[in-house]
Amino acid sequence: MTTLDQTEELAVPRVAEGHPAPSRRRLGDNWWRHLVAIIAVLVSVFPAVYVVSSAFNADQSIGGASIIPRSFTLDNFKQLFNPPSDKSETNYPRWFLNSIFVATFTAFFTVMLGALAAYAFSRFRFKGRRMGMLFLLLIQMFPQLLMLVALYLIVLRTGEVFPALGLNHLLALMLVYLGGVMGVNVWLMKGFFDSIPSELDESARVDGATPSQIFWGVILPLAAPVLAVVGLFSFVGVFNEFAIASVLLEVKDQRTLPLGLQIFIDQQYGERWGPFAAGVLIAAIPAVLLFAYLQKFIVSGLTRGSVKG
Amino acid sequence: MSDTTADHPPLEYRPSKLARGIAAFSGTTGRALKLVALALVNALTLWAVTQLFSDDRALWGLITLGAVVALDLIYLLPGAIPAKFIAPGTIFLIAYLLIPIFFTVSTAFQIYSTGHVLSKSEAIKAIKVQSLQPTGVSYLLAPARDASGDLVLLLVNEDTKTEYVGTRKGLTELPKGTLSVDDQGVVTTASPDYKLITGAELFTLDRELAAYLVPTEGDAAIQPQGTASAAELKPTLAYDPVADTFQNIDSGVVFRDNGKGSYVAADGTEIEPGWRTYIGWDNITAVFRDPLVRDPFLRVLLWTIVFAFGAVFFSFAIGLFLAIALEKPGLRFRRLYRSLLVIPYAIPGFLMLLVWAGLLNDDFGVVNKLLPGGLDRPWLFDPFWAKVSVIMVTTWLTVPYFMLVSMGALQSIPGELVEAAKVDGASRLQVFRKVTLPLLMIVVAPLLIASFAFNFNNFNNIYLLTAGGPAAEDQSVAGSTDILISYTYKLAFQAGKGQDYGLASAVSIFVFLIVATISGIAFWRTKALEGVR
């Protein structure tokens, strides 16, 4: 190892001088980096690859499936969408649409409500502004998960008077999620809004624009990257959420994907692995596409959010 | 956001079509739209308020009314511009965050569990209904409307064949022959005073009939049993509203309010159901005193800390190691490696958790098949290995996050510092420990704390992988991989040993206090609050 270390140290200044050695020669120094990376890649892609292969594999049971499908089939997908009648607890298409609907709605309003508040905190100086920001930071420590019982009881009782806001209604679930909007989202957006030069507002104001015109016309279009990141995190967060949804939604057709798939596969790996894998594959698509599309924002957003608190 | 903040947007403002389209809505059109929206909100809320008042929830009606008045003031008065922007989010914050916090605290001080879910007045009603026992007198029944259109019961005593009309006021005997009974036992009448209810109308009366009582002698009453027969029922318990006691009519035993949501006799017999009521600190102190609650709580708390710490430690260690391994300019396939390594982060977590639960399964799991002989384990069904699995899978899910974060942080460390240390003769390990790591920690420390706090309440990773199982030795609700939040969930919503909302709320207050303490120390240490401008 010592010899390797020495060559490594010798290699560094050359890079710094801007004369990278030809990569063929450098493979020798970097063999351990490749080894580590390849092992890590194998571990991280293995479950996903296995799911893809199971989804198209004719052998439905989990143990029987090999990584490379011996026979290609779409039966698992067909079975997922048209389950035999004895699996009446299944309604995958409905769960998928429920999840997409709830996540999209929540993400949209999270961005809107958060941006409105962040604009006020960023552009106006008013009494209680600092207190407000600190309060939002404090409120961050109360995740809604800790109030599961209270949320359940509130929705239960609201439903006694207004059924549409009660148990087993997606609208109730979405409103509950919106309760968690104010907090870190507002901080993140305020931080970004602060970095938009206020000269832009000034010139718009000189031209006679109202605060709301400045918000919609100037700030929002320029803040697209942070809106995208907040929207994505909100979408994925809601898409993943299990506990609150499981307490508020009890009927089959109102379930979201986490609830539906959990009940679908619960200890039935033997019989249902194939259709389950097909379901996982389809469910992963929206979030993975969004992630790929917004990747460059996310990576910088992660570290930026941290520094800003 | 380096790529967006570095090149500042051009100072000359040219609105896009979309922006101009949106902006059009905030002029006169916008004002009109705003008024329409506000009017809609007002109409909806006022309707809601009337509903609340007619449903005996005047307090909530008043609160809703106050909220809508406040909204009107904010949006109709010219000043208070910041409030106009903050109000929409704040409504949801109050309704589904602040009120729930208040409810959680309030529930923690109540006995509120299986058998104690009703309010006291509902419980008294329920006890009265449950205490009704048939006296043995039964009637054939035909619902009808009298001359004024009110619902009455035409009744024929099955034994004596005496004919009656029953109203909510009482039972009146009818002249013999007013009613007749056909072969199938159906009551009919030829009397013009009564119009029989038949067909579809009968079905709509289901509920009204079930609640219809015709008082007879004493406390007894005749109640319809379906639409064609009725029975005389007599209470076995008598309620005394002044003394707030129930008395058994036959034996004379008195049941008193025990202050803990039940009517209890001197010998300890309780009447079901009880009701929810404030009991003071019992739930809170149970967490300290009652060994049935305290011991599982402490065991779960300890494991929660081990789990959260373990998950963060391994995720960060591996993530940082990968970042260092890949953080070499000109390394071949670097981008490819990175894209493949973030896959666990890009796929929604719940999917991969359910998949891992399958992969680690004893009988079907692929992990045991792939491992060389002798290394297979009961990954999810043995208390120790289940704990290992939970930390392992959480690490698998979290490594990409810390890898990305570490990559970003490593790039922000000035190269001169590392160079200077090397010139001074520091070994690679020394450079890492004395230069790279401390600088890295400035950026990463808050994220480590945040990640710890997140994993402290990482419900999904426990519940979707092991559901908290396998069962622990103490046979409590809490399994051996349950963390505090999933323990709370089980206390409140898993029927096995009855649901206990009160205790669950008390436990969640403790969880909050623990998380708040950790976050408080963290904020204090990192001085994040200084940046509040």
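Everything numeric in this text was worked out from a predicted model, so none of it was measured. Residue numbers run consecutively from 1 along every chain, following the written order of its sequence. For this description, chains carry letters from A and ligands carry numbers from 1, given in the order in which they are written. Given that the model is predicted, a residue must reach a pLDDT of at least 70 before its local features are reported, and side-chain atom pairs must reach 80 or more before they are shown or counted; all residues, however, enter totals for whole chains, interfaces and linings. Excluding hydrogens and water, the side-chain figures rest on all heavy atoms present in the structure.

Our next topic: the overall build of chain A. To qualify as a helix, a DSSP run of H or I must reach at least 4 residues; to qualify as a strand, a run of E must reach at least 2; elements of each kind are numbered from the N terminus. For chain A, the helix and strand inventory stands at 14 helices and 0 strands. N-terminal to C-terminal, the α/β element order of chain A is α-α-α-α-α-α-α-α-α-α-α-α-α-α. The buried share of chain A, reckoned over its 309 residues, is 57%. Sequence-distant contacts in chain A: of pairs separated by 6 or more residues, those separated by 24 or more amount to 69%. Only the protein chains shown count as cover for residues, and all accessible areas are computed by the Shrake-Rupley method using a 1.4 Å probe. For chain A, the exposed area adds up to about 13000 Å²; of that, 66% sits on carbon and sulfur atoms. Summary of the burial criterion: residues with accessible area below 20% of their type's maximum are buried, those above 50% are exposed, and those between are partly exposed, where the area comes from a 1.4 Å probe applied to protein chains only. A contact between two residues is defined here by any heavy atoms of the two lying within 4.5 Å.

Residue and element names in this part refer to chain A. Scored between 0 and 100, pLDDT is the confidence that the predictor attaches to each residue. Confidence in the prediction for chain A averages 80 pLDDT; 81% of positions are at 70 or higher. By mean pLDDT, the top-scoring element of chain A is helix α7 (residues 170–178) (94), and the lowest-scoring one is helix α1 (residues 2–16) (36). Scored below 50 in pLDDT, residues 1–24 shows 18 contacts in the model against residues more than four places distant or in partner chains. Low pLDDT, under 50, characterises residues 304–309; the predicted model gives this stretch 12 contacts beyond four residues in sequence or across chains.

So, about helix α15 (residues 383–411) of chain B. Helices are assigned an expected span. That span is 1.5 Å times one less than the residue count. For α15 of chain B, with 29 residues, the first-to-last C-alpha span of 42 Å sits near the 42 Å given by 1.5 Å per residue. Here a polar contact is taken to be a pair of N or O atoms separated by no more than 3.5 Å, where protein atoms must pair a possible hydrogen donor with a possible acceptor and residues adjacent in sequence count only if both atoms sit in side chains. Measuring from the backbone nitrogen of phenylalanine 384 of chain B back to the side-chain oxygen at the start of α15 of chain B gives 3.0 Å, which picks out aspartate 382 of chain B as the cap.

For the rest of this paragraph, the subject is the nonpolar core. Burial of nonpolar side chains together is a common tendency in soluble globular proteins. Think of a nonpolar core as a cluster: buried Ala, Val, Leu, Ile, Met, Phe, Trp, Tyr and Cys residues, connected wherever their side-chain atoms sit within 4.5 Å. Within the largest apolar cluster, 193 residues are counted, with the highest numbers of intra-cluster contacts made by Tyr92, Phe193, Leu257 and Phe276 of chain A together with Leu359, Val444 and Phe493 of chain B. Looking at which element gives the most residues to this core, the answer is helix α4 (residues 92–123) of chain A, with 16 residues. The contact partners of leucine 257 of chain A, leaving out residues within four places of it in the chain, are Tyr92, Trp95, Phe96, Ser99, Phe239, Gln262 and Ala283 of chain A together with Phe350 of chain B. Counting residues in each nonpolar core, the second largest holds 14 residues, with Tyr139, Leu155, Tyr212 and Ile222 of chain B among its members.

All names here are of chain B. Between Lys or Arg on one side and Asp or Glu on the other, a salt bridge is scored when a side-chain nitrogen of the former is within 4 Å of a carboxyl oxygen of the latter. Taken as a whole and judged by the stated rule, the model has 12 salt bridges over all chains. Ionic pairing is found between arginine 168 and glutamate 208, a salt bridge with its closest N-O pair at 3.9 Å. Of this pair, arginine 168 sits in the loop between β4 (163–166) and β5 (171–173) while glutamate 208 is found in helix α8 (residues 206–210), placing the two residues 40 residues apart along the sequence. By relative accessible area, glutamate 208 is classed as partly exposed at 36%. Each of the salt bridges in this network shares a partner with another, and the network as a whole consists of Lys120, Asp244 and Asp257.

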